[in-house]
Amino acid sequence: MSTSEEISALLVAKFGTDPGAIRPDVPLHRLRLDSLALEELRLLIEDRLDVDLEDVALTSRDTVGRLVQAVHGKVSA
């Protein structure tokens with residue numbers, strides 16, 4: 001599974017996000033992710049992909065694509 005697919009799977013399973021709504025250009029707030037949900041998502045991604053995202057700063061204004069890029073950068077590091 002790619003980084004993008006892993007994140008999409010988490011969004012659908014843990015946050016009830018519509019799979020059709022998950023696109024690289026969509027801001028995270030459009031997926032109803034507030035700061036608390038983003039923190040929970042960060043922890044889930046760290047656990048699932050065994051990466052440390054402590055220094056990755058994301059806000060709900062960032063896009064799904066930005067999130068995927070940030071995580072992918074850590075996974076391949």
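Preceding this paragraph is the structure being described.
In this text, all values refer to a predicted model and were calculated from it rather than measured experimentally.

K.L.:
Can you help me understand the overall build of the protein in this one?
P.N.:
Scanning the protein from N- to C-terminus turns up three helices and zero strands. When the elements of the protein are put in sequence order from the N terminus, they spell out α-α-α. Against the globule reference of 11 Å for 77 residues, the protein gives a C-alpha radius of gyration of 11 Å, in line with a compact fold. Once the C-alpha set of the protein is aligned to its principal axes, its extents read approximately 30 × 25 × 20 Å. Burial status across the protein gives 36% buried among its 77 residues.

K.L.:
When you look at the environment of S60 in this model, what are you seeing that I'm missing?
P.N.:
Its place among the elements puts S60 in the loop between α2 (35-49) and α3 (64-75). Once residues within four sequence positions are removed from consideration, S60 is found in contact with P27, L28, H29, L33 and L38.

K.L.:
Any chance you could explain α2 here in plain terms?
P.N.:
Note: α-helices contain 3.6 residues per turn, so residues at a spacing of three or four share the same orientation. Helix length check: α2, at 15 residues, gives a terminal C-alpha distance of 21 Å against a target of 21 Å (1.5 Å per residue), a fit within 8%. Turning to α2, its buried residues are A37, L38, L41, R42, I45 and E46. D50 lies just past α2 and shows a positive phi near 55 degrees.

K.L.:
What is the right way to read the nonpolar core from this model?
P.N.:
Side chains that are nonpolar tend, in soluble globular proteins, to be buried together. Residues L33 and I45 are the most contacted members of the largest nonpolar core, which totals 20 residues. Within the residue set of this core, elements represented by two or more residues are α1 (3-15), α2 and α3. With five residues, α3 is the largest single contributor of residues to this core. The residues contacting L33, other than those within four sequence positions of it, are L11, F15, L28, L38, L41 and S60.

About the thresholds
- Residues numbered from 1 in each chain as written.
- Predicted model: local features only at pLDDT ≥ 70, side-chain atom pairs only at ≥ 80, totals over all residues.
- Heavy atoms only, no water.
- Helix = DSSP H or I, 4+ residues; strand = E, 2+ residues; numbered from the N terminus.
- Rg over C-alpha atoms; globule rule 2.2 N^0.38 Å.
- Buried < 20%, exposed > 50% of the residue type's maximum accessible area, 1.4 Å probe, protein only.
- Contact = heavy atoms within 4.5 Å.
- Expected span 1.5 Å × (residues − 1).
- Core = buried A, V, L, I, M, F, W, Y, C linked by side-chain atoms within 4.5 Å.

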